[in-house]
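# Remarks on the overall topology
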Amino acid sequence: MPVRCVVGLQWGDEGKGKIVDLLARDADIITRFQGGANAGHTVMVGEETFVLHLIPSGILNAGKLCLISNGVVLDPTVFLEEVQHLTERGIDVEGRVFISERAHLVLPHHHALDRTRERAAKIPIGTTKRGIGPAYAEKASRTGIRAGEVRNPDRFASRLREVTESANQILTRVMNTEPLDVDQVVSAGVEAANQLKPFVKDTTSLMHDALDRGKRIFLEGAQGIQLDLDFGTYPFVTSSSASVLGVGPGTGLPPRCLNEVLGVAKAYTTRVGEGPFPTEIEGPEQDQLRQAGNEFGSTTGRPRRCGWFDVVAVRYGVRLMGVDAMAITKMDTLSGLESLKVAVAYETPDGKTTSFPCEVDDFRTLRPVYEELPGFEGDLSGTRDRSDLPAEAQGYLSFVEKQVGVPLRLISVGKERDQVILP
Ligand code: IMP
């Protein structure tokens, strides 16, 4: 399979980092195609934990080429810190990581606008405050700065001055808040731009040439379909196509290149930030699940909202993205719960439905229709064969697999790299 893609089937944080790290072994190139440093992909290698926000998790597999393609919005500071962090920990980055010259940069004024808008909003989105929305907005309004512009330091400096001054007008006149120190932003920006230069490339041609030579590309999605700008729970979404639908515009690879889509879902559901969440658990059981699964954001540290597995939401993503097979993560976290609920439909004022609503208001009146299955006990982390799982765990997985309607290919049963049931 020359081109494969891994995407999230829920509201992000499905554990894609670990799955990419595992499957990247079969690829030559691993590419991030959307989002930015709002993502936090955690991978455990032995005793070491790596949290990556921009560089694809595939970097932990020696010798692989890792690309940040044009659909990503790249924060130079975060990227350079990540390079330094990986280098210090003995991971070879040089000549292995490249940024598309077409990727837009996330700059200090994007952070300031994101923070200020969230603070001022009547109903905040609960963003990661990483400047993602303002950076994509500037890209769409055709005033953004692209990574390729770092090649010309004078022009870069004057463009950075221009956009920062323009944002200062909004910050002071509209948002009634402190302006940024333009000189300081420009001098730090130019320094970062110089360090960024060797990483900037035409990643699209690089991928096309690699495919011509028979190389394999693995596309690493960030966030999940429910946070997708078009198909997620708008406006409580991120500002990119957080799905397979973002691959074409985010890479420059034509849609027919894509050979396989693997969807990743957690064995239950989590969401960070505001917005609809039909299967959110009420009361102390939510806290129990949060503690058991250590459900705290890897980018912001915020406690994640926890709920039951939602077949309606996952099947919606599977259909939209043409998912071929599914990976279920964190199955071990469900151990010890007496019974497990799975939402198979929604009850609405107009009757029962298995369709995922479009309007936020529609979520207020719906109630999930649950099937209740027996829970299981024991430590699953040593299990490497699906048939060795407790019978109730097998029953749960088979139920989910049948309801979602795509084959279950991988089951993650622990944090470590090898704690997984492979086909
Ligand atoms: P933004 O992407 O920072 O603008 O945040 C928009 C929404 O997406 C918020 O609800 C965030 O919590 C959520 N979000 C963004 N990135 C991630 C992620 O990687 N995992 C989970 N939620 C995310």
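Along every chain, residues carry numbers that run from 1 in the direction the sequence is written. Thresholds applied to this predicted model are a pLDDT of at least 70 for local features of residues and 80 or more for the giving and counting of side-chain atom pairs; totals over whole chains, interfaces and linings are not thresholded and use all residues. Side-chain metrics rest on all non-hydrogen atoms present in the structure, leaving aside hydrogens and water.

## Observations concerning the domain arrangement of the protein
Quick note on the threshold: The source of the domain bounds is an automatic or database domain assignment. Here, residues are in contact when the closest pair of their heavy atoms is within 4.5 Å. Note on terms: buried area is the combined drop in 1.4 Å-probe accessible area of two parts once they are placed together, counting the loss on both. The term salt bridge refers to a side-chain nitrogen of Lys or Arg lying within 4 Å of a carboxyl oxygen of Asp or Glu.
Along its sequence, the protein is organised into domain 1 (3-100 + 202-261), domain 2 (104-196) and domain 3 (265-421). Computed from C-alpha coordinates alone, the two centres of domain 1 and domain 2 are separated by 23 Å. Between domain 1 and domain 2, the contact holds 24 residues from the first and 18 residues from the second. Between domain 1 and domain 2, a total of about 1,600 Å² is buried, with carbon and sulfur atoms accounting for 65% of that surface. Our count for the domain 1 to domain 2 interface comes out at zero salt bridges.

## Digging into the packing of aromatic side chains
For clarity, the cut-off: Only Phe, Tyr and Trp rings are paired, with Trp represented by its six-membered ring, and only when their centres lie within 6.5 Å; those with planes under 30 degrees apart are stacked, over 60 edge-to-face, the remainder tilted. Secondary structure is summarised from DSSP: a helix means a run of H or I of at least four residues, a strand means a run of E of at least two, and numbering begins at the N terminus for each. Whether a residue is buried, partly exposed or exposed follows from its accessible area with a 1.4 Å probe, protein chains only, as a fraction of its type maximum: under 20%, in between, or over 50%, in that order. Charge over a ring is defined by NZ of Lys or CZ of Arg lying within 6 Å of the ring centre and within 35 degrees of the ring normal.
Scanning the entire structure with this criterion turns up five aromatic pairs. Residues Phe-79 and Phe-199 carry aromatic rings whose centres are separated by 5.0 Å and whose planes lie at 85° to one another, so their mutual orientation is edge-to-face. Here Phe-79 is found in helix H2 (residues 76-88), whereas its partner Phe-199 is found in the loop between helix H6 (182-196) and strand E9 (200-201), with 120 residues between them in sequence. For the pair formed by Phe-79 and Phe-199, the shared burial category is buried. Measuring from centroid to centroid gives 5.2 Å for Phe-356 and Phe-363, while their planes differ by 65°, and the two rings are edge-to-face. Taken together, the ring pairs in this structure connect Tyr-316, Tyr-346, Phe-356 and Phe-363 into an aromatic cluster. Stacked on the ring of Phe-50, the Lys or Arg Arg-89 has its end atom at 4.1 Å from the ring centre. The cationic tip of Lys-341 hangs over the ring face of Tyr-370; the distance from NZ or CZ to the ring centre is 5.2 Å.

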